[in-house]
Amino acid sequence: MVLIFKIWLMYYSLIPNLEALRLLKSEASQIVLKMPENFATVYQTKKNKFLIVPDFGEFTMLFDNEEKYKMFLADPKFPMINNHIFLEEKDHLCKVPDQIEHFYSQFNRIFDVQISNVNTDQKMKDFFDILKNRNDILKKEEAYIPVTIIIGDFLCSTLNFHWEIRQNNFQFYGYCTPIVVHKSGIEFHQFWDIARNTSATQLTYEKFEDILTHFIETIKLNYPGIDF
């Protein structure tokens, strides 16, 4: 995924985290501020440079001097990440399952179809037929989230799964990842990988069924007596 930043060049530059680490080691540095709301830590070097390092991400903000750093703090605007699909859909992802219809609408727009409430095996087979026949669209980044959410919605509608929201952060911003969890407490995290990591020739209902069956067998092995 290509990350494009909008940068206030008069205040700071962005450097790779590895370069930032080398700088922090070469110029003895100390922590001067924690920024939990932006998931970052501020370091000051002996040469009076300031670095804002994200907890997770690829780039560090580097300020050449304290004046620029203080100017930034007076009106902080962190570099925006464009084309990060989880951040773009943050408001909807944080409110799943209440926002399921939003993702059906997205899917219908992207694939030029009309589906809703995929809650039977036959509807799920039809859903995978759409994916198989429109693999050119499936490869587009914008298709990834609605496809995955619909798969999760099917699991929550037909089996003993429910949605839980995980809070994550990347490059100074927080976002949400909905996870489907079985009533046993085991997360079916693989459902996020089906659309992205399965080859076009294998992206079928049968392949999905194989993955789900293996997951269910694992639960039954570890939790005897659990029903589905």
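Residues numbered from 1 in each chain as written. Predicted model: local features only at pLDDT ≥ 70, side-chain atom pairs only at ≥ 80, totals over all residues. Heavy atoms only, no water.

Participant: For this particular structure, what's the right way to read the overall build of the protein?
Facilitator: When helices and strands are tallied, the protein shows 10 helices and nine strands. Scaling as 2.2 N^0.38, a compact globule of 228 residues should have a C-alpha radius of gyration of about 17 Å, whereas the protein reaches 22 Å, well beyond that. Based on the C-alpha atoms only, the size of the protein along its principal axes is roughly 65 × 45 × 30 Å. A total of 228 residues make up the protein; the buried ones form 44% of that total. Contacts in the protein between residues at least 24 apart in sequence constitute 56% of all its contacts with a sequence separation of at least 6. Accessible surface, the protein: about 12300 Å² in total, of which carbon and sulfur atoms supply 50%. One finds the centroid of the 24 positive side-chain charges in the protein at a distance of 6 Å from the centroid of its 30 negative side-chain charges. (Helix = DSSP H or I, 4+ residues; strand = E, 2+ residues; numbered from the N terminus. Rg over C-alpha atoms; globule rule 2.2 N^0.38 Å. Buried < 20%, exposed > 50% of the residue type's maximum accessible area, 1.4 Å probe, protein only. Contact = heavy atoms within 4.5 Å. Areas by Shrake-Rupley, 256 points an atom, 1.4 Å probe, with all protein chains shown as cover. Lys, Arg positive; Asp, Glu negative; His and termini not counted. Charge placed at Lys NZ, Arg CZ, Asp CG, Glu CD.)

Participant: What should I look at first to understand the state of the cysteines in this one?
Facilitator: Covalent bonding between the sulfur atoms of two cysteines is what defines a disulfide. Here the structure, examined in full by the defined rule, presents one disulfide. Note on Cys156: no disulfide assigned, nearest cysteine sulfur contributed by Cys176 at a separation of 16 Å. (Disulfide = S-S within 2.5 Å.)

Participant: Quick question: what am I supposed to make of the pattern of salt bridges here?
Facilitator: Side-chain pairs of opposite charge can arise where the charged atoms are in close proximity. Using the criterion set out here, one finds eight salt bridges in the structure. Among the salt bridges present, the one from Arg109 reaches Glu142, with a minimum N-O distance of 3.9 Å. One end of the pair, Arg109, is in helix H5 (residues 100-111); the other, Glu142, is in helix H8 (residues 141-158), and 33 residues separate them in sequence. A relative accessible area of 40% means that Glu142 is categorised as partly exposed. With a closest N to O distance of 3.8 Å, Asp129 and Lys132 form a salt bridge. Pair noted here: Asp129 and Lys132 are both in helix H6 (residues 121-133), with a separation of three residues, about one helical turn. Exposure remark for Asp129: the relative accessible area of 34% places this residue in the partly exposed category. Within this structure, Glu164, Arg166 and Glu187 form a network of salt bridges that share partners. (Salt bridge = Lys/Arg side-chain N within 4 Å of Asp/Glu carboxyl O.)

Participant: Looking at this model, I keep getting lost on the nonpolar core. Mind explaining?
Facilitator: In summary, soluble globular proteins display a tendency toward joint burial of nonpolar side chains. Among the nonpolar cores identified, the biggest contains 51 residues, and Phe111, Phe127, Phe128 and Phe208 are the most heavily contacted of them. A total of 10 residues in this core trace back to one element, the largest contributor, which is H8. With residues near it in sequence (within four places) discarded, Phe111 still touches Ile130, Leu131, Arg134, Ile137, Leu138, Ala143 and Val147. (Core = buried A, V, L, I, M, F, W, Y, C linked by side-chain atoms within 4.5 Å.)

Participant: Is there a simple way to explain a nonpolar patch on the surface in this structure?
Facilitator: Taken together, the side chains of Val32, Leu33 and Leu73 define a hydrophobic patch exposed on the protein surface, amounting to about 190 Å² of accessible area. Structurally, Leu33 can be placed in strand E3 (residues 29-35). (Patch = residues over 30% accessible without salt bridge, like charges linked within 9 Å, V, L, I, M, F, W, Y side chains within 5 Å.)

Participant: Where do I start with H8 in this structure?
Facilitator: The α-helix advances 3.6 residues per turn, and as a result positions three or four apart in sequence lie on the same side. With 18 residues, H8 should reach 26 Å at 1.5 Å per residue; the first-to-last C-alpha distance of 27 Å fits that figure. Counting buried positions over the 18 residues of H8 gives 14, a clear majority of the element. (Expected span 1.5 Å × (residues − 1).)

Participant: Explain the pairing of strand E5 (residues 50-54) here, please?
Facilitator: Counted residue by residue, E5 has five buried out of five residues, so it is predominantly covered. Of the two faces of E5, the one lined by Phe50, Ile52 and Pro54 and the one lined by Leu51 and Val53 are each fully buried. Note that strand E4 (residues 40-45) and E5 share five bridges and pair antiparallel. Looking at E5, one finds that Tyr43 is bridged to Leu51. The turn linking E4 back onto E5 is made up of four residues, and Asn48 within it adopts a positive phi angle of 65°. Sheet analysis places E5 next to strand E6 (residues 59-63), joined by three bridges and oriented antiparallel. (Pairing = 2+ DSSP bridges.)

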